[in-house]
Amino acid sequence: MSIPARTASATRPGFDPDAALARLAAGDRAPRLRHVHEVPARAAQLADWPDWVDPSVYAACAGTGVTSLWSHQREAADLAHAGSHVVMATGTASGKSLGYLLPVLTALVEGSTAPTGRGATALYLSPTKALAADQLARVQGLAVPGVRAATYDGDTPTEERRWIRDHAQLVLTNPDLVHHSLLPLHERWAPFLRRLRYVVIDECHVYRGVFGSHLAALLRRLRRVCARYGASPTFVLASATVRDPGDHATKLVGLPVTPVTGDGSPREAMTFALWEPGTLEPGGAAPLVDDPGEVDLSGETPARRSATSEAADLLAELVEAGVQSVAFARSRAGVEALATSCRRTLEEVQPHLAGAVAAYRGGYLPEERRELERALRTGRILGLAATNALELGIDISGLDAVLLAGWPGTRASLWQQAGRAGRAGTRSLAVFVAADDPLDTYVVNHPEVVFGQPVESTVLDPGNPHVLAPHLAAAAAELPLREEDLAMFGPGARGLLDALVARGILRRRPHGWFWARSDRASDHVSLRGAGDVVGIVEKRTGRVLGTVDEASAHSQIHTGAVHVHQGDTYVVTELDLTTGTATAVRGDPGWSTFAQSVSAFDIVGAQRSVTWGPVEVSFGTVRVHTQVTSFLRRLPGGEVLGTHPLELPQRTLTTKAVWWTMPVGWLAEAGVAEVDIPGAAHAAEHAGIGMMPLVATSDRWDIGGVSTALHPDTGLPTIMVYDGHPGGAGFAERAYEAFGTWLTVTRDTVQACRCETGCPACVQSPKCGNGNEPLDKAAAVRLLSAVLRHAPSTD
Ligand SMILES: [Zn+2]
Ligand SMILES: [Zn+2]
């Protein structure tokens, strides 16, 4: 149960965020504090216990100290109990688990009087094994008599699997297992599926983009197989706060889902500060990088300190003041760097405090996690550096301050991470520290995008043909697909089935479509991405370190690449695309590598277009051709050691994109001369990609762009931004829909940046295949402003 104990700590005094903030912003650091926002306290909205809850479930909750409900728990539990699909989208630590556990446990207890002892079952899905293990611990902690719960994942021993299938009432697992095991082997699961009453989908905001499309297809397959056994389970979803959670959940499940969004849990007041790191002193020490492999693009010294260095200093200040704090960084390597730098600072001023700083990288054993929790509770650890993996694993309730080093991806995650601070009876502090990135720069200068707006909507496209086709094949392998099944999979299903038949993957018979091959259909689909994957194998041990999708393999793990995997550095000695393996040796050679590539695109067709005066904006299908041609080796200071050619095949990605065209003469009138168009378009494209997360829940690694001074299909200067996944992921479509907003924030960011000719905080991109050449910051502002002058006033 994720209801935090809201009893005031007897041993620690109240926390004063104003005093802490004043200390952080003392002296010459004052200008770095850009904005302070007060989030008011919220009183609890209590609700009575529903009378349908089984007395043994009530007794179990009361036994753990939970004797009252918050309004959203009651609302969601009532809806689910009545058989309505429901999604709860309320804040961190608002006790969402109770909202689904009340109906689920009640059904399981009531079903335990059946002759089989299993009159009802429930399936709990979470994106990670760790979260499923945590939920199991919670259910076991409740110890409701007669409830048998078990986790079931890739590590579950064979002998236990059978027991779980035959006897467990509540199975906690992940979508991958449903895809690879439960559905293909549904006959073995028949007794479980026949009684399936509830399907709980936790952390459902995670299923966005391509992963979201996969889950949507998977849930349709699950519903179909359940129907075969006469079951139609109620879906209960839990999400972080997202815009339109009902819409998101309805797309995922494919059935109407009722949203519950009124958070009835109490909240203490929070002070939320936006912070811009200081500029680098000339001749000062080299800055810590936020994410190795992302910085040192231009070879020029960045204009300001990295978010990691800055957050390390702020964390040291807080630890010195005795304020228990957590600092979130974006990568594991960033976490290590932050903790190390913080300890080093403390060693100079308060050596005895250096040991009170720890790094948490996730992937820890349960006993290690419990030890860390103990150290936090007793105050032995005052400062913790962590990736957001912390969301899935340890209990850190009771901290007073949160530092966020770099934009965590979405407003929803920002609030989720900020919400990790706080204890009963006292205010808390959250500080967002901007990284060297256009989006971060924009945020600290425009507080209204954080505080004045609802969180973003989650993007997913259940009809993505590249995702749906293999799922249709898998569905046919589970149970022949019938005419009446097609509606469930959307209007594109029939065309995809025809194509699968033409390719010999399915066979059409009078009563349906059948799997026509001898292998397993589910083995052809990876839920976590689309397309083939390349394994990274350690040369010495033969151990598979991880996988990279083939599209990224060319640029990230080519022969000679320096690749950081889970915080460890490797050098790739050979990339073999025929076997799908990259052989790597461990060790840091002291330089980083940057792949160089050439890209071009064809327009397959515009689905929608709009004209803004002479500017034509379109959304549709494109084919992007990319070839990685060479890589650079660079020292941490930016110095180039050499350029090395690579022989890799051209790759073509068919996907969705947003693009716009501008006449050359009109650009000249707007102050962008013909010779400046390549640099202006390229800079506008980079900045636009950097700002995409404000309009769609993408991150910059999900999207790419190509700009050209003369596109063969349009005959005009064209800027194009595309979804980096086959078939598209919904991001480009959102950008098209919010085109005016997107371009405005992009232009404003570039214009407001204090650099002279472009920096990582505005127009430089960490993933540019062209070494950030050419880039013309000033011309990009003129180009974007000219386009915006024709924006319809209603956008
Ligand atoms: Zn700049
Ligand atoms: Zn570029």
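Residues numbered from 1 in each chain as written. Chains lettered and ligands numbered in written order. Predicted model: local features only at pLDDT ≥ 70, side-chain atom pairs only at ≥ 80, totals over all residues. Heavy atoms only, no water.

Asker: Tell me about the overall build of the chain, and please be specific about residues and values.
Answerer: If you tally the helices and strands in the chain, you get 24 helices and 29 strands. Its C-alpha radius of gyration of 27 Å places the chain within 12% of the 28 Å reference for a compact globule of 795 residues. Each of the 795 residues in the chain was classed as buried or not, and the buried ones make up 56%. Across the chain, the fraction of contacts at a sequence separation of at least 24, relative to all contacts at a separation of at least 6, is 73%. In the form shown here, the chain has an accessible surface area of approximately 31,200 Å², with 50% of it arising from carbon and sulfur atoms. Averaging the coordinates of the 72 positive side-chain charges in the chain and doing the same for the 85 negative ones gives two points 6 Å apart. (Helix = DSSP H or I, 4+ residues; strand = E, 2+ residues; numbered from the N terminus. Rg over C-alpha atoms; globule rule 2.2 N^0.38 Å. Buried < 20%, exposed > 50% of the residue type's maximum accessible area, 1.4 Å probe, protein only. Contact = heavy atoms within 4.5 Å. Areas by Shrake-Rupley, 256 points an atom, 1.4 Å probe, with all protein chains shown as cover. Lys, Arg positive; Asp, Glu negative; His and termini not counted. Charge placed at Lys NZ, Arg CZ, Asp CG, Glu CD.)

Asker: Could you give me a rundown of the pattern of salt bridges, with the residues and numbers involved?
Answerer: Counted according to the given criterion, the structure contains 28 salt bridges. Across the pair Arg-42 and Asp-263 runs a salt bridge, and its minimum N-O distance is 3.5 Å. One end of the pair, Arg-42, is in the loop between strand S1 (33–39) and strand S2 (46–47); the other, Asp-263, is in the loop between strand S10 (258–260) and strand S11 (270–275), with 221 residues separating them in the sequence. A salt bridge links Arg-543 to Glu-538; the nearest nitrogen and oxygen atoms lie 3.8 Å apart. Note on Glu-538: relative accessible area 5%, which makes it buried. Through salt bridges with shared partners, a single ionic network connects Arg-23, Arg-29, Glu-317 and Glu-320. (Salt bridge = Lys/Arg side-chain N within 4 Å of Asp/Glu carboxyl O.)

Asker: For the packing of helix H1 (residues 17–24) against helix H11 (residues 307–320), give the residues involved together with the corresponding values.
Answerer: Their axes nearest at 10 Å, the elements H1 and H11 cross at an angle of 130°. Here H11 runs oblique to H1, going by the angle between their axes. Here H1 runs over H11; the crossing is right-handed. From H1, Ala-20, Arg-23 and Leu-24 reach across to H11, where they touch Leu-314, Glu-317, Leu-318 and Glu-320. (Axes fitted to C-alpha atoms, helices over the stretch in contact; angles between N-to-C directions. Parallel < 35°, antiparallel > 145°, perpendicular 65-115°, else oblique. Left-handed = near helix turned anticlockwise from the far one by under 90°.)

Asker: Can you tell me about helix H10 (residues 245–253), naming the residues and giving the values?
Answerer: Every buried residue of H10 is listed here: Pro-245, Gly-246, His-248, Ala-249, Leu-252 and Val-253. Burial along H10 is one-sided: seen end-on, the buried residues are contained in an arc of 160°. The elements touched by buried residues of H10 are strand S4 (86–89), helix H9 (209–228), strand S9 (234–239) and S10. (Arc of directions from axis to C-beta.)

Asker: Report on the coordination of the zinc ion (ligand 2), specifying residues and quantitative values.
Answerer: Within the protein, the atoms that donate to the zinc ion (ligand 2) are His-682 (NE2), His-686 (NE2) and Cys-768 (SG), at distances of 2.0 to 2.3 Å. Written as a sequence motif, the donor residues of the zinc ion (ligand 2) are H-x3-H-x81-C. Taken together, the residues span a long stretch of sequence, with His-686 in helix H21 (residues 677–691) and Cys-768 in the loop between helix H23 (739–752) and helix H24 (777–788) at a distance of 82 residues. The same class applies to His-686 and to Cys-768, which are both buried. (Donors = N, O, S within 2.8 Å, 3.2 Å for Na, K, Ca; no water.)

Asker: With reference to specific residues and values, describe the nonpolar core.
Answerer: One finds Phe-272, Phe-432, Trp-660, Trp-742, Leu-783 and Val-787 to be the most contacted residues of the largest nonpolar core, which totals 87 residues. If we ignore the near neighbours within four places in the chain, the residues touching Leu-783 are Trp-660, Met-662, Leu-667, Val-672, Ala-680, Ala-681, Ala-684 and Ile-719. Residues Trp-52, Leu-105, Leu-108 and Leu-170 belong to the second largest nonpolar core, which totals 40 residues. (Core = buried A, V, L, I, M, F, W, Y, C linked by side-chain atoms within 4.5 Å.)

Asker: Which residues make up the environment of Val-787, and what values go with them?
Answerer: Looking at the element boundaries, Val-787 is found in helix H24. A relative accessible area of 0% places Val-787 in the buried class. Distance in space between the C-alpha atoms of Val-787 and Leu-743 is 8.5 Å, their sequence separation being 44 residues. In this structure, Val-787 is in contact with Trp-612, Val-615, Trp-660, Met-662, Trp-666, Phe-739 and Leu-743, ignoring residues within four places of it in sequence.

Asker: Before we move on, can you summarise unusual backbone geometry with the specific residues and values?
Answerer: Between Glu-773 and Pro-774 the backbone carries a cis peptide bond, its omega angle lying at -15°. Note that Pro-774 resides in the loop between H23 and H24. Phi at Asn-772 takes a positive value of approximately 55°, unusual for a residue other than glycine. Counting through the fold element by element, Asn-772 comes out in the loop between H23 and H24. According to the relative accessible area criterion, Asn-772 is buried, its value standing at 7%.

Asker: Quick one: what's the story with the pairing of strand S24 (residues 592–612), residue by residue and with numbers?
Answerer: With 19 bridges connecting them, S24 and strand S25 (residues 615–634) associate as antiparallel partners. Within S25, the residue paired with Val-598 across the bridge is Gln-627. Counted along the chain from S24 to the antiparallel partner S25, the turn is 2 residues long, and its residue Gly-613 has a positive phi close to 55°. (Pairing = 2+ DSSP bridges.)

Asker: Describe the coordination of the zinc ion (ligand 1), and please don't skip the residues or the numbers.
Answerer: At 2.2 to 2.4 Å from the zinc ion (ligand 1) lie its protein donor atoms, namely Cys-753 (SG), Cys-755 (SG), Cys-759 (SG) and Cys-762 (SG). Around the zinc ion (ligand 1), the 4 donor atoms are arranged such that angles at the metal cover 99 to 118°; this shape is classified as tetrahedral. One chain supplies every donor for the zinc ion (ligand 1), spaced along it as C-x1-C-x3-C-x2-C. Of the two residues, Cys-753 and Cys-762, neither departs from the other in class, the shared state being buried. (Tetrahedral: all angles 85-135°; square planar, octahedral: opposite > 155°, others 65-115°.)

Asker: Hey, could you go over the confidence of the model for the chain for me, with residue numbers and the actual values?
Answerer: With 91% of its residues at a pLDDT of at least 70, the chain reaches an overall mean of 87. Every residue in residues 283–301 is under pLDDT 50, and counting partners more than four places away or in other chains gives 42 contacts. (pLDDT = per-residue confidence, 0-100.)

Asker: Give me the pairing of strand S22 (residues 568–576): which residues, what numbers.
Answerer: The pairing of S22 with strand S23 (residues 581–586) spans 6 bridges and is classified as antiparallel. Each residue of the ladder has a partner; that of Val-571, found in S23, is Val-585. Adjacent in sequence and paired antiparallel, S22 and S23 are bridged by 4 residues, among which Gly-580 carries a positive phi angle near 70°.

Asker: Tell me about the sheet that holds S9, and name the residues and values.
Answerer: Read from one edge of the open sheet, 7 strands run S6-S7-S5-S8-S9-S4-S10, paired in parallel fashion. Every interior strand has two partners, whereas the edge strands, strand S6 (149–151) and S10, have only one. Adjacent strand axes in the sheet meet at a mean angle of 15°, parallel and antiparallel pairs treated alike. Examined bridge by bridge, S4 and S9 share 4 bridges and lie parallel to one another. Each bridged residue has a counterpart across the sheet, and for Val-87 the counterpart in S9 is Leu-237.

Asker: Break down the sheet that holds S11 for me, citing the residues and quoting the values.
Answerer: Read across the sheet, 7 strands follow the order S1-S11-S16-S15-S12-S14-S13 without closing on themselves; strand pairing throughout is mixed. Each edge of the open sheet carries a strand with a single partner, namely S1 and strand S13 (357–360). Each neighbouring strand pair of the sheet contributes to a mean axis angle of 15°, computed without reference to strand direction. Across 4 bridges, strand S12 (residues 325–328) lies against strand S14 (residues 383–386) in parallel orientation. Each residue of the ladder has a partner; that of Val-326, found in S14, is Leu-384. Here H1 sits on the sheet in contact with S1, S11 and strand S16 (428–433), set at roughly 30° to S16. Of the strands in this sheet, S1, S11, S12, strand S15 (401–405) and S16 are in contact with helix H14 (residues 411–418), which crosses S15 at around 145°.

Asker: So what about the environment of Asp-202? Which residues, and what values?
Answerer: Mapped onto the elements of the fold, Asp-202 is located in the loop between strand S8 (196–201) and H9. The sequence separation of Asp-202 and Met-88 amounts to 114 residues, and the corresponding C-alpha distance is 9.7 Å. Residues within four places of Asp-202 in sequence aside, it is in contact with Tyr-100, Tyr-124, Leu-125, Ser-126, Pro-127, Leu-131, Gln-135, Tyr-207 and Ala-238.

Asker: Give a detailed account of helix H4 (residues 96–111), specifying residues and quantitative values.
Answerer: Taking 1.5 Å per residue, 16 residues should reach 22 Å; H4 reaches 23 Å between its end C-alpha atoms and fits that length. Among the 16 residues that make up H4, 15 are buried, leaving the element largely enclosed by the rest of the structure. (Expected span 1.5 Å × (residues − 1).)

Asker: Residues and numbers for the side chain of Ser-239, please.
Answerer: Looking at the element boundaries, Ser-239 is found in strand S9. Assessed through its relative accessible area of 2%, Ser-239 is described here as buried. For Ser-239, the residues in contact, after removing those within four places along its chain, are Val-87, Met-88, Ala-89, Thr-90, Lys-96, Cys-204 and His-205.

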